[in-house]
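# Structural overview for review
Below, each chain spelled out in residue letters.
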Amino acid sequence: MTADGPTLPPVRLPSDAELARDALAAPLLARAVRLARWAGPGTRVGVGGELADEQLPAAAEALGFDDERAEGEGEAYASEAWRVAVDTGLVEVEESAEAPDGADEDHQGRVTPGEQLPVVSGGSPQDVLALWSEALDVALADAATPVLDDLADAIGEDGEIDFASLDWDPEAEAEFLEGVLGNLYLLAAADGGGAEVPVPLPVLAASVIVPDDMGEPTDDVLEQVSEAMMRLDDQFRLLESIGLVSYVPVDETLMTEDAEEDGYTGGAGGPEVTDAARGAGGAGDTGALPPAAMDEDDIARYGMVRLTPLGLYGIRARLLEAGADAPLVGDLAEKDAHALLAGVAYFPELSARAETEQWLARRAPAEAARDLLSAARGTDPGAPLRRLHCQQALSLVGPEAETAVREVLDDGELGGLARVWLAELGATDVPPPPESMIFWLAIDTIAAQLHAEGEPEELQELVEGLVGQHGGFFDAAWRVGHPATAEVLEAMGRLLRDRGAAKEARKAAFKARSRA
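## Re the overall build of the protein
Counting its regular elements, the protein contains 25 helices and five strands. A burial count over the protein gives 46% of its 516 residues as buried. For the protein, contacts bridging at least 24 residues in sequence account for 67% of all contacts bridging at least 6. Accessible surface for the protein amounts to roughly 25,500 Å². Of this, 48% is attributable to carbon and sulfur atoms.

## Regarding a negative patch on the surface
The grouping of Glu453, Glu457, Glu458 and Glu461 at the surface amounts to a negative patch. Among the elements that make up the negative patch, the one with the highest residue count is helix α22 (residues 457-469) (three residues). Note on placement: Glu457 falls in helix α22. In this structure Glu457 comes out as exposed when scored by relative accessible area, which is 61%.

## A word on the packing of aromatic side chains
This structure, assessed with the given rule, holds five aromatic pairs. Residues Phe236 and Tyr247 carry aromatic rings whose centres are separated by 5.5 Å and whose planes lie at 50° to one another, so their mutual orientation is tilted. With a gap of eleven residues between them, Phe236 in helix α10 (residues 219-241) and Tyr247 in strand β4 (residues 245-248) connect regions that are remote in the sequence. A single burial state applies to Phe236 and to Tyr247, both of which are buried.

## So, the sheet that holds strand β3 (residues 199-200)
Pairing within the open sheet is antiparallel, and its three strands lie in the order β3-β5-β4. The open sheet has two edge strands with one neighbour each: β3 and β4. Note: β4 against strand β5 (residues 304-307), four bridges, orientation antiparallel. Bridge pairing in β5 links Val245 to Leu307. Packing of helix α8 (residues 170-190) onto the sheet brings it into contact with β3 and β5, and relative to β5 it is tilted by some 75°. Where α10 meets the sheet, its contacts fall on β4 and β5, and the angle it forms with β4 comes to roughly 130°.

## Examining a positive patch on the surface
Side chains of Arg479, Arg499, Lys503, Arg506, Lys507, Lys511 and Arg515 sit close together on the surface and give a patch of like positive charge. Inspection of the secondary structure puts Lys507 in helix α25 (residues 499-515). Residue classification places Lys507 among the exposed residues on the basis of a relative accessible area of 52%.

## Regarding the pattern of salt bridges
Applying the stated criterion to the full structure yields 18 salt bridges. Salt-bridge contacts for Glu334 lead to Arg362; the nearest nitrogen and oxygen are separated by 2.7 Å. Of this pair, Glu334 sits in the loop between α14 (309-321) and α15 (337-343) while Arg362 is found in the loop between α16 (349-361) and α17 (365-376), placing the two residues 28 residues apart along the sequence. Exposure remark for Glu334: the relative accessible area of 64% places this residue in the exposed category. What makes Arg362 partly exposed here is its relative accessible area of 45%. Across the pair Arg387 and Glu413 runs a salt bridge whose closest N-O atoms are separated by 3.5 Å. Of this pair, Arg387 sits in helix α18 (residues 383-397) while Glu413 sits in the loop between α19 (402-406) and α20 (415-425), and the two are 26 residues apart along the sequence. Classification of Arg387 as buried rests on a relative accessible area of 2%. Among the ionic contacts, a cluster of salt bridges with common partners joins Asp137, Glu178 and Arg318.

## Section: α8
Between its first and last C-alpha, α8 extends 30 Å over 21 residues, near the 30 Å set by a 1.5 Å rise per residue. Within the sequence span of α8, burial applies to Glu173, Phe176, Leu177, Val180, Leu181, Gly182, Asn183, Leu184, Tyr185, Ala188 and Ala189. Gly192 lies just past α8 and shows a positive phi near 105°.

## Concerning the packing of α17 against α18
Across the interface, α17 lies against α18 with an axial gap of 9 Å and an inter-helix angle of 170°. Judged by the angle between their axes, α17 and α18 are roughly antiparallel. Of the two possible hands of crossing, α17 and α18 adopt the one that is left-handed. Contact residues: Pro365, Ala369, Leu372, Leu373, Ala375 and Ala376 in α17; Ala383, Arg386, Arg387, Cys390, Ala393, Leu394 and Val397 in α18. The residue inventory of the contact of α17 with α18, partitioned by class, reads eleven nonpolar, no polar and two charged.

## Some points on the nonpolar core
By size, the foremost hydrophobic cluster in this structure holds 78 residues, and its most contacted members are Leu90, Trp132, Phe236 and Leu244. Take this core: its biggest share by element is ten residues, from helix α6 (residues 125-143).

## Quick notes on the side chain of Glu173
In this structure, Glu173 sits in helix α8. Within the local environment of Glu173, its side chain forms a polar contact with the side chain of Arg231, the two groups lying 3.3 Å apart.

## Topic: unusual backbone geometry
The backbone of Asp429 shows a phi angle near 60°, a positive value even though the residue is not glycine. Relative to the assigned elements, Asp429 resides in the loop between α20 and α21 (435-453). Exposure remark for Asp429: the relative accessible area of 71% places this residue in the exposed category.

## With respect to the environment of Val203
As for its position among the elements, Val203 is in helix α9 (residues 201-209). By relative accessible area, Val203 is classed as buried at 1%. Counting along the chain gives 22 residues from Val203 to Val225, while the straight-line C-alpha distance between them is 9.1 Å.

## Comments concerning the environment of Ala502
For Ala502, the position within the fold is in helix α25. What makes Ala502 buried here is its relative accessible area of 5%. Remark: the alpha-carbon pair of Ala502 and Ala491, spanning eleven residues in sequence, is separated by 9.4 Å. Filtering out sequence-adjacent residues up to four positions away, Ala502 remains in contact with Gly493 and Leu496.

## Quick notes on the side chain of Gln235
As for its position among the elements, Gln235 is in helix α10. When its relative accessible area of 4% is taken as the criterion, Gln235 is described as buried. The residues touching Gln235, leaving out its near neighbours within four places in the chain, are Ala143, Ala144, Glu173, Phe176 and Leu177.

Rules used throughout
Residues numbered from 1 in each chain as written. Predicted model: local features only at pLDDT ≥ 70, side-chain atom pairs only at ≥ 80, totals over all residues. Heavy atoms only, no water. Helix = DSSP H or I, 4+ residues; strand = E, 2+ residues; numbered from the N terminus. Buried < 20%, exposed > 50% of the residue type's maximum accessible area, 1.4 Å probe, protein only. Contact = heavy atoms within 4.5 Å. Areas by Shrake-Rupley, 256 points an atom, 1.4 Å probe, with all protein chains shown as cover. Patch = residues over 30% accessible without salt bridge, like charges linked within 9 Å, V, L, I, M, F, W, Y side chains within 5 Å. Salt bridge = Lys/Arg side-chain N within 4 Å of Asp/Glu carboxyl O. Lys, Arg positive; Asp, Glu negative; His and termini not counted. Charge placed at Lys NZ, Arg CZ, Asp CG, Glu CD. Phe/Tyr/Trp six-rings, centres within 6.5 Å; stacked < 30°, edge-to-face > 60°. Pairing = 2+ DSSP bridges. Axes fitted to C-alpha atoms, helices over the stretch in contact; angles between N-to-C directions. Expected span 1.5 Å × (residues − 1). Parallel < 35°, antiparallel > 145°, perpendicular 65-115°, else oblique. Left-handed = near helix turned anticlockwise from the far one by under 90°. Nonpolar A, V, L, I, M, F, W, Y, C, P; charged D, E, K, R; others polar. Core = buried A, V, L, I, M, F, W, Y, C linked by side-chain atoms within 4.5 Å. Polar contact = N/O pair within 3.5 Å; in protein donor to acceptor, adjacent residues only side chain to side chain.

These figures capture arrangement, not role.
If you want it as structure tokens, here you go:
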């Protein structure tokens, strides 16, 4: 946690040059650039800078849309791209006292090339990405704005929009979309920091609608998830055009086939989509999928989405602006071992491994092993977790770390860790640990797991295994001179399912606190 906001897991990004190429290839930005080059002083625009209606056919033609397109579709693309061109500075619309020849009084603007247009062909990768980020802002604003047939009726005499009459809250809609994209970012980060694995749309919708502590979702909540899926389907179609996401849309037959057969009049999207929402219900952890026993093709019918690498870049930039600490894989590569072990403490497993691999790649194996072991020492609350990640990091070093590990066999804090690592390596001549070291390592290991994951089922199995393997475990454990002894024994009292053993753990915790 930083002073300004939370620390997020790191993500992996391509180089700025690769990202800039992806940005220029994004269809919406590419169309905006083409229109900016097509426009000229005679281009007719309205008082708000929008293309005049009579200009739209020519603009659509300039974008390569022909008559085979559905009526008005090419013009809609042209209008959307023009809005991006104006808002990003690819074109400049200047108010003019005189309209261009043949224009009426509503078309009083002069179009000139904008100062951002040269960036497209001559700017640095960073300049191009800044341009794309502005285009992304426009696309996000458009995605959060529903199609409103009665918008004109909601505009008051003062020119302000009465949002209440439209049943639309712009801030809430924008916040919802930001939350969805934030969840996509977290899922990519948890999957090793890339953007390879798509997420089923019902799962994503449920992750922002269904409360984490809700068991079986209510019909009202399922209805909300179903409606959110349909909103996201429209929004992701638009956001794919700016290169933010890769999206497989919802199969349109899901919205009609069963509704026609069953006379369905319920939630948005028809009964099959609501069934998918039910399958994703309780997916606040995004761990569920649409209805069980579906193969990949069936799941994909409900929509699949992932952030592109360019999308990861764009959402990360917005998170940084909001004050979050959103690191990149490799940010710790030049820092010392203590910073590495502290930094990866709460990373997902794949992200921690990727970060550690980059750190190790810059160091000689034996030197890296000694630095890691030195950083793992300590009696502070974070030390057990550092030692756990030290052991995991040493496994990536391999046999080259053996000499450094053997040097700490007699160390009270590291000797147990060293013996476990050497045993996993298959090393011989490892001296047996004294009993005090066995119990110290047990307390240290449980303390690390408690700080990393709370009290999951895996930890319960670990605790019950330890108690089962060592007769009289608690008679010895309360005497262990580890700073976390009492805390660990109290946790064991909560985790043990055997009531007698749990009672022994609580008594041992009391003795440990009294001894301290």
